[in-house]
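Each chain, written out:
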Amino acid sequence: MALTQQPNKRLKKIGDNLAKVFFFIFGICLISLFLYLHNSQEVIEYLNKISNNNPTAGLRLTVFYGIVKLLSIIAGSVIIIGVTYNLIKGLRKNSKAP
């Protein structure tokens, strides 16, 4: 029984590490999305053109644009901070173990 539990713990640890890497990359992608939306002149010009042609649609799209920007920076930051915290917590736990 002890022989079968050892590979399962190893596989679980590998799976946990892969999940952390995936979420860290996802958080970086969300922050990159925010930076793209924040610095993109094409998006701003498109929003201005729509606002000039149809103010109601322009306002809706601008609000949606702002919500996406806000959510991307908040979610990206939270994910990166959470993964980093779990990594540090795991390293401390491993260093204290005999």
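Note that the coordinates shown come from a computational prediction; the quantities given were computed from them, not determined experimentally. (Residues numbered from 1 in each chain as written. Predicted model: local features only at pLDDT ≥ 70, side-chain atom pairs only at ≥ 80, totals over all residues. Heavy atoms only, no water.)

A. Region of the structure containing the packing of aromatic side chains. Per the counting criterion, the structure on display carries two aromatic pairs. An angle of 70 degrees between the planes, with centres 5.6 Å apart, marks the rings of Phe 22 and Phe 23 as edge-to-face. Phe 22 gets classed as exposed once you look at its relative accessible area, which sits at 53%. Clustering of aromatic rings is evident, with ring pairs tying together Phe 22, Phe 23 and Phe 26. (Phe/Tyr/Trp six-rings, centres within 6.5 Å; stacked < 30°, edge-to-face > 60°. Buried < 20%, exposed > 50% of the residue type's maximum accessible area, 1.4 Å probe, protein only.)

B. Just the packing of helix α2 (residues 41-53) against helix α3 (residues 55-96), in detail. Contact geometry for α2 and α3: axes closest at 6 Å, N-to-C directions at 150 degrees. Our classification of the angle between α2 and α3 gives roughly antiparallel. For α2 against α3, the interelement crossing comes out left-handed. Touching Val 43, Ile 44, Tyr 46, Leu 47, Ile 50, Ser 51 and Asn 53 of α2 are Pro 55, Ala 57, Gly 58, Leu 61, Thr 62 and Tyr 65, all from α3. (Axes fitted to C-alpha atoms, helices over the stretch in contact; angles between N-to-C directions. Helix = DSSP H or I, 4+ residues; strand = E, 2+ residues; numbered from the N terminus. Parallel < 35°, antiparallel > 145°, perpendicular 65-115°, else oblique. Left-handed = near helix turned anticlockwise from the far one by under 90°. Contact = heavy atoms within 4.5 Å.)

C. Representation of a nonpolar patch on the surface within the structure. Together, Leu 59, Val 63, Ile 67 and Leu 71 make up a nonpolar patch on the protein surface, roughly 390 Å² of accessible area in all. If you trace the backbone, Leu 59 turns up in helix α3. Classification of Leu 59 as exposed rests on a relative accessible area of 56%. (Patch = residues over 30% accessible without salt bridge, like charges linked within 9 Å, V, L, I, M, F, W, Y side chains within 5 Å. Areas by Shrake-Rupley, 256 points an atom, 1.4 Å probe, with all protein chains shown as cover. Salt bridge = Lys/Arg side-chain N within 4 Å of Asp/Glu carboxyl O.)

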